[in-house]
Each structure stands twice: as structure tokens, then as C-alpha cells.
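Architecture at a glance
Here are the chains, one letter per residue:
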Amino acid sequence: MAGRLFGVGLGPGDPELVTVKAARLINAAGVIAYHAARHGRSNARAIAEPYLRADQIEEPLIYPVTTETTDHPGGYQGAIDEFYAQSAERLAAHLDAGRDVVVLAEGDPFFYGSYMHMHKRLAHRYETQVVPGVTSVSAASAVLGRPLMERDEILTVLPGTLPPAELAARLATTDSAAIMKLGRTFTGVREALAQAGRLDDAWYVERATTDRERHARLADVDPATVPYFSLALLPSPAASTFVAEPVAVEQRGQVTVVGLGPAGRDWLTPEAQEALAAADDVVGYGPYVDRVPPNARQRRHPSDNRVEAERAAFALDLAKRGRNVAVVSSGDPGVFAMAAAVLEVSEDPQWKDVPVRVVPGLTAAQAVASRAGAPLGHDFCIMSLSDRLKPWDVIAARLSAAAGADMVIAIYNPASQSRKEQLVRARELLLQHRNPVTPVVIGRDVGGPEESVRVTTLGELDPATIDMRCLLIVGSSQTRVTTRGDGSTQVYTPRHYPT
């Protein structure tokens, strides 16, 4: 059987304005097609991204020309017609192979949408369904808080590409109007509104419902700042009498650095859950971002684990532009994690006015300690063996000092694929101050599906069995190991210290 063709409207830009049906079809389709300019970026795909699957086939339909000239023998129209024909055949190959194809369309597929060119070429050959979407005109009306028409008023939708004189004539005979396709036509549209005596009533709306939304009196807009994704609106004359002037509210963003705890939702505090739910963007190391429950309203920005400063700058810049950003860390963000990185980068004058809040999380040290008993029951310190951000000499000096002070030591980042010798050397240093029978707790993936906790001694500790997912707790001279009546082992450090 041949596949089915779906023209799916995505609405004006906010992923939450995608209909339930559209989201279902997008997620279920084998092939996702979308139009894009030669730079390859697609607004339609960006809107639909929360609903896409990683295993779907994507067919970007790249326009050969947009506003530039072309040497195609048929001129601009010839180049575009050839592009549409070739694009339709690309989609037909998938449909013939039995794959359902969803063509993404911003707004509504049949409202100045590119999808209609695929529909004209394919709908008579394949089972086809068009899913309507919220139009940019409806979005602009909602953004302004001004109705489009009332009672028997007439709404006219016009393309800004009409000659100014013709546009002015049509504007003079309608009650309300939406003028599409601004961009380069903006000066002519403003001239037409002035000729029709309607300029003072006209509003400008750009990228409605997105994070780059802008609206203003059209007469106050600089033509040089007008993109293609904008429109002019003449709202209902009758309703405007009762509608207050929209108040421009500057959206102030912030960065909230959120501790996710060591693993799983059960380890997440209510405050952290609230901060994540309120975020517009989630920024962090990829595996930590994956732990945040999906939210179609949010944008997710995963990155590598070695770009803390770049990640912090990115989050601060988003907040500066009005976004509410959650930067996520495993465990507690203030313990070898992103809180310090964000605060350090935020000292740059360009981000000095961006609010930064830190929401604590349960640390890995606390999680491992709880599984073992109470090894952190007395004075303890936390150290990292990673020498990526500090030299080994500093690590060795601090480790010796803590061991000499007889403190329990929780060791983060004990080993990795590229760091095998640090733990060997650390064990040698510790044995200069501690008895070989000193208890050592090894916790791995605590709270996760591969959790394991075992107790050994400093003398029997084998560094070859330790990796980056482990955390070690090295006991003091007072740390004890006991066997309970049920045969379980517990480790604790008494709260009193012998005089």
C-alpha cells in the first residue's frame, strides 16, 4: 500500500499551539518534510522539534532561490516551479514505498503556505489529509488583545506584494484587514495605509507567540528592522473603542541553576521540580538534560561535559533576551558543578544585570553515605581527583592535609578512561596517614538502574575497579563497620571524637 500524505499546520510559532492531532501525526510519521532557505534552518522544523523522533527520515526541501536573482532559463518562477516538481517527486518516492509523509507548515497549510504546492502535485495520487493550524493573523490579534471583526464587519486579508495604490484602494473599503508578506514590502504597505487614511489605526506584529515576538504601532516601526515573518493589522473598528492600549512589558529573564540529585525523580526536591516546570529553556550536559521530563513548551540545549563556560554564557545570553533558563546539574549544582561556572561567567559586564538563582540538590556523597549507613557522621571533606581544572600538586597537598587531620574524605571523579593513575597515587598518599584497614565505601550509579554499594578497606582497594560513575568515601580512624542482625553491613563515623 502507498503511504499517506499529511499537510500539518503548526501554528504561528509557540510549540504549545500545535494541535493535539498535529502532534500525534508528526510523532507517528515515517518521513518529515519541511521547507527551508539555503541556510538550511527551518522555522517549521524548530516548532515541531518537541514532537519528532530520532529515527524518522527527514526531507529538508531547500528553496533554490528566495529573494536573490537566478540564471535559470525560466527565471525566478521557472526555478521555483522546477523545485516544487522535484520536491514532490522526492516525497512521492517515500509514499510509493509505503511510508507516511508529514509536510510541516507554519501557521495553516492552506493560508499562504508552501505545503499547498505539494498538495496540488500529490493529492490526486495519494490519500491525503490536511490538518489546520492557528494562523499568524489569529496569533497577532491575540497578542494585541484586539478582535479582528465584530458583528457584520468585513475582514480582508491582503498580500503586501500588491502595488501601493491597489492596496490603498482595498484598505479604504474594508473594516479590518491583515496585510501579509511584509519584509521588503513594508515601505509600500505603510504608504498604502497612509493613502487610505488608516495608518494611525494600524499595528505591526512580528513573530507572534515566539520568544522574538515584537509589536508596536506600525507608524513607529523602522522599515530596516522588519523581517518577512511579520504582518500589519487593522483590528475591528467597533471593538477598538473598548480595548485599552497594549502596555509594553519588558520580559526579564533569569538563570536558575538546578540540582537534579544523583538520579531519578525520587531524588528531586519539590523546589527543583518547580524551577524546571517554570523554565522556558533547559541547558546542560546531555545526559543530565535527558533526565528532565519532556515539556513541549520548552527548548532543550544539551552539550558536551567539557564546555562549562560556554554553556554558562549561552544560558546567560538567553536570560538576557528574556528567557527563563534552567541550567541543570547532577547532584548539587554548587558541588563541582554548574553553579560556580555560571556565577563566574556572570561577572562579565554584559550579564551583570541577569539574575542568577541556585536551587540545591541532594549530593552524590550524601546518596552514597545513606546507602552505606552514616560514614559522614563526623567532620568530613569533599575532594575531586580530576586534574582538568587544577594541578595534581594541589590535589596531593589537600589530600595529605585532610588525611593528616583524620577527616572522612568523600572523593569525586576518582577515575576516568583517560585518568587511571590519580587514584593509584591518591591511595598511596592516604596510606601514609591511614591504617590499611580503614573502611572505604564504593558507591556506583547510586539511585540508578546499575546501583551498587560495597565496602572494602584502604589496603584492599583496587583502583582498576573504579570508574567515573563511582564515588568513594574513605573513613577516618574512628569510622566503624558493623554487621546487623539481618546480615547487612553498615558503616558509620561516631559523632564524638576521643580526647
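So, here's what we can say about the structure. Quick caveat, the model's predicted, so the values are computed rather than measured. Starting from 1, residues in each chain are numbered consecutively following that chain's sequence as written. Given that the model is predicted, a residue must reach a pLDDT of at least 70 before its local features are reported, and side-chain atom pairs must reach 80 or more before they are shown or counted; all residues, however, enter totals for whole chains, interfaces and linings. As a rule here, side-chain values cover all heavy atoms of the structure and leave hydrogens and water aside.

**A short note on the sheet that holds strand β12 (residues 281-285)**
Strand pairs in the sheet, formed through backbone hydrogen bonds, run parallel or antiparallel to each other. The rule for pairing is simple: two strands pair if DSSP sees at least two bridges between them. A run of DSSP states H or I qualifies as a helix once it reaches four residues; a run of E qualifies as a strand once it reaches two. Both are numbered from the N-terminal end. Strand order in the open sheet made by the five strands is β13-β12-β14-β11-β15, with parallel pairing throughout. Here the strands that pair on one side only, and so sit at the sheet edges, are β13 (299-303) and β15 (356-359). Across the sheet, the mean angle separating the axes of adjacent strands is 20° when strand polarity is ignored. The pairing of strand β11 (residues 254-259) with β15 spans four bridges and is parallel. Directly across from V257, in β15, lies its bridge partner V358. Lines fitted to the C-alpha atoms define the axes, with helices restricted to the stretch that makes contact. Angles between their N-to-C directions range from 0 to 180 degrees.

**Focus: the packing of aromatic side chains**
Here is the rule: rings of Phe, Tyr and Trp (six-membered ring for Trp) pair when centre to centre is within 6.5 Å. Planes less than 30 degrees apart are stacked, more than 60 are edge-to-face, and the remainder are tilted. Under the defined criterion, the tally for this structure stands at nine aromatic pairs. Considering the side-chain rings of F111 and Y112, the 5.4 Å spacing of their centres and the 85° angle between planes classify their relative orientation as edge-to-face. On the basis of relative accessibility, which here comes to 37%, the residue Y112 falls in the partly exposed class. Where Y285 meets Y288, the ring centres are 5.1 Å apart and the plane angle is 85°; that geometry is what we call edge-to-face. Per-residue accessibility, obtained with a 1.4 Å probe over protein chains only, is compared with the maximum for each type, and a residue is labelled buried under 20%, exposed over 50%, and partly exposed between these values. Note on Y285: relative accessible area 24%, which makes it partly exposed. The class of Y288 is partly exposed, set by a relative accessible area of 25%. Following the ring pairs from residue to residue traces out a cluster consisting of Y63, F83 and Y84.

**Brief notes about the sheet that holds strand β9 (residues 214-217)**
As summarised here, the arrangement of the five strands in space is β6-β7-β10-β8-β9, forming an open sheet in which the pairing is mixed. Strand pairing shows two members of the sheet lacking a second neighbour, β6 (155-159) and β9, which therefore form its edges. Averaged over all pairs of adjacent strands, the angle between strand axes in this sheet comes to 20°, irrespective of strand direction. Across four bridges, strand β8 (residues 203-206) lies against strand β10 (residues 230-234) in antiparallel orientation. When the bridges of β10 are listed, W203 appears paired with L233. Docked against the sheet, helix α6 (residues 164-171) engages β6, β7 (176-180) and β10, running at close to 175° with respect to β6. Working rule for contacts: check all heavy atoms of both residues, and any pair within 4.5 Å makes them a contact.

**Considerations on the packing of helix α11 (residues 308-320) against helix α12 (residues 338-345)**
Packing of α11 against α12 brings their axes to within 9 Å, and their N-to-C directions diverge by 65°. α12 is crossed by α11, and the crossing has right-handed handedness. Between α11 and α12, the residues in contact are E308, A309, R311, A312, A313 and L316 and M338, A341, V342 and V345, respectively. Charged means Asp, Glu, Lys or Arg here, nonpolar means Ala, Val, Leu, Ile, Met, Phe, Trp, Tyr, Cys or Pro, and polar covers whatever is left, Gly included. When its residues are assigned to classes, the contact of α11 with α12 shows eight nonpolar, no polar and two charged. Each crossing gets its handedness from the near helix: less than a right angle anticlockwise from the far helix is left-handed, clockwise is right-handed.

**Overview of the packing of helix α3 (residues 75-96) against helix α4 (residues 115-122)**
Each packed pair of helices is defined by two parameters, the angle between the axes and the distance between the axes. Following both chains from N to C, one finds α3 and α4 inclined at 65°, their axes separated by 9 Å at the closest point. Relative to α4, the crossing made by α3 is right-handed. Each of D81, Y84, A85, S87, A88, L91, A92 and L95 in α3 lies in contact with α4, whose residues at this interface are H117, M118, R121 and L122. Along the lines of polarity and charge, the residues of the contact of α3 with α4 split into eight nonpolar, two polar and two charged.

**Quick word on the nonpolar core**
In terms of nonpolar packing, the biggest core is built from 23 residues, with L399, I409, L430, I442, I466 and L472 touching the most fellow members. The element best represented in this core is helix α14 (residues 392-404), accounting for six residues. Those residues in contact with L399 that sit more than four places away from it in its chain are M383, I409, A426, L429 and L430. If you look at the next biggest cluster of nonpolar residues, it comprises 21 residues, including V31, A105, M118 and Y126. We define the nonpolar core as a collection of buried residues of types Ala, Val, Leu, Ile, Met, Phe, Trp, Tyr and Cys that are connected through side-chain atoms lying within 4.5 Å of one another.

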